[in-house]
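Observations on the model geometry
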Amino acid sequence: MTDLIHHLVNAHIKNLPVKTPVPKPQGVIRLDKGEFPYGPLPEIKEAIAVATQDINRYPAMVGGELREDLADYVGVNPDQIIIGNGSDDLIELILKVFVQPGQEVLLPRPTFFVYDLATQLVGGKVVDVGRTADFDLDLEDLMSKISDRSKLIFIANPNNPTANLVSLDRLKSCLDQFPQGLVVVDECYFEFSGVTVVPWLQDYPNLIVLRSLSKSFGLAGLRVGYAIANPITIDYLYRAGQIFVVNKLALAAGQAVIRHRPLLQPQIETIFAQRTLLSQALTDMGCKVYD
């Protein structure tokens, strides 16, 4: 029986890594996850509590009022927003809609591991791209790797795990030189960087921007991510996505954090201050600290 199952599984799925539960000891801080260190505001807890009163009903389709709140926050129209079960879900959805088995996805390494995993999941081919000595995008290497099979480029900005910002000049050059494919700029740490390419959406129909409510909004446990793109792209993504992709409690919490985001600013500023102290302490220890 097990031989039969192995035989039936798609070949590219067999190469995916095995997922095993990893215990999280009390008091351990997972720095690799980039979790917001502060618990939810009372306003967030109240919104979740209210939403529990009718969880016997399905949540709103396509994100309900949260879609409108996010559009207002970002400065775009609601039809340019898609909400997903975390940005991981949207990464997979983008690949499912636009990348066929065997087509190439370019990844500047090192970068967020989910891009690679999700590409393998849809049968795409990962093409590794180098970075410069200070972890900026190596545009020359990137352009040399583009072929007639290239379909999509993922660029995290700020990059995970190197934390640096890719220069806007390099990002613009990438878009200008790759009009035949999609460029996905992952801005899940936008609130910590303040740098965005969202205003470029009107000039680049092949641009998709990813954002998250996990990092600076502290909703990692509820899994709420969103993407910003032109309305046609968003329409196709919603067609391929699940009907009820985000649960009712997550939608309620998402609305609450967006509407009360000024209350989170002091906590974000504390993180900025701690970042400076950590950088200086590491430098004093003799470490080289990258911006």
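Description of the structure in this document. The structure displayed is predicted, hence computed values, not measured ones.

All told, the structure shown has 10 aromatic pairs when counted by the stated rule. For the ring pair Phe192 and Phe272, a centre distance of 6.1 Å and an interplane angle of 80° mean the geometry is edge-to-face. Separated by 80 residues along the polypeptide, Phe192 in helix α9 (residues 190–193) and Phe272 in helix α12 (residues 265–284) bring together distant segments of the chain. The exposure class of Phe272 is partly exposed, given its relative accessible area of 24%. Through a chain of ring-to-ring contacts, the aromatic side chains of Phe112, Phe113, Tyr115 and Phe154 assemble into a single cluster. When the ring centre of Phe190 is taken as origin, the NZ or CZ atom of Arg211, which lies over that ring, is 3.9 Å away. Note that Lys288 overlies the ring of Tyr290, its terminal NZ or CZ placed 4.8 Å from the centroid.

Of all the positions in helix α6 (residues 113–121), only Val114, Tyr115, Asp116, Ala118 and Thr119 are classed as buried. Structurally, α6 contributes buried residues whose contacts are with α5 (86–98), β2 (104–108), β3 (125–129), β4 (150–156) and β5 (182–186). A positive backbone phi angle near 85° is found at Gly123, which sits one or two residues after α6.

Turning next to the side chain of Gln103. Position of Gln103 relative to the elements: it lies in the loop between α5 and β2. Taking the relative accessible area as the measure of exposure, Gln103 reaches 13% and is therefore buried. In terms of polar contacts, Gln103 uses its side chain to reach the side chain of Lys151, at 3.3 Å. Setting aside residues up to four positions removed in sequence, Gln103 forms contacts with Phe98, Gly124, Lys125, Arg149 and Lys151.

Another aspect to go through is a nonpolar patch on the surface. On the surface, Tyr58, Met61, Val62, Ile243 and Phe244 cluster together into a nonpolar patch covering about 530 Å² of accessible area. Within the secondary structure, Met61 is located in the loop between α3 (42–51) and α4 (64–74).

So, about unusual backbone geometry. If a residue is not glycine, its phi is most likely negative; likewise, a peptide bond is most likely trans. Put simply, Arg109 and Pro110 share a cis peptide bond, and its omega is -5°. With respect to the element layout, Pro110 can be found in the loop between β2 and α6. The backbone of Val62 sits at a positive phi, close to 50°, despite the residue not being glycine. Along the chain, Val62 turns up in the loop between α3 and α4.

Calculation rules
Residues numbered from 1 in each chain as written. Predicted model: local features only at pLDDT ≥ 70, side-chain atom pairs only at ≥ 80, totals over all residues. Heavy atoms only, no water. Phe/Tyr/Trp six-rings, centres within 6.5 Å; stacked < 30°, edge-to-face > 60°. Helix = DSSP H or I, 4+ residues; strand = E, 2+ residues; numbered from the N terminus. Buried < 20%, exposed > 50% of the residue type's maximum accessible area, 1.4 Å probe, protein only. Lys NZ or Arg CZ within 6 Å of the ring centre and 35° of its normal. Contact = heavy atoms within 4.5 Å. Polar contact = N/O pair within 3.5 Å; in protein donor to acceptor, adjacent residues only side chain to side chain. Patch = residues over 30% accessible without salt bridge, like charges linked within 9 Å, V, L, I, M, F, W, Y side chains within 5 Å. Areas by Shrake-Rupley, 256 points an atom, 1.4 Å probe, with all protein chains shown as cover. Salt bridge = Lys/Arg side-chain N within 4 Å of Asp/Glu carboxyl O.

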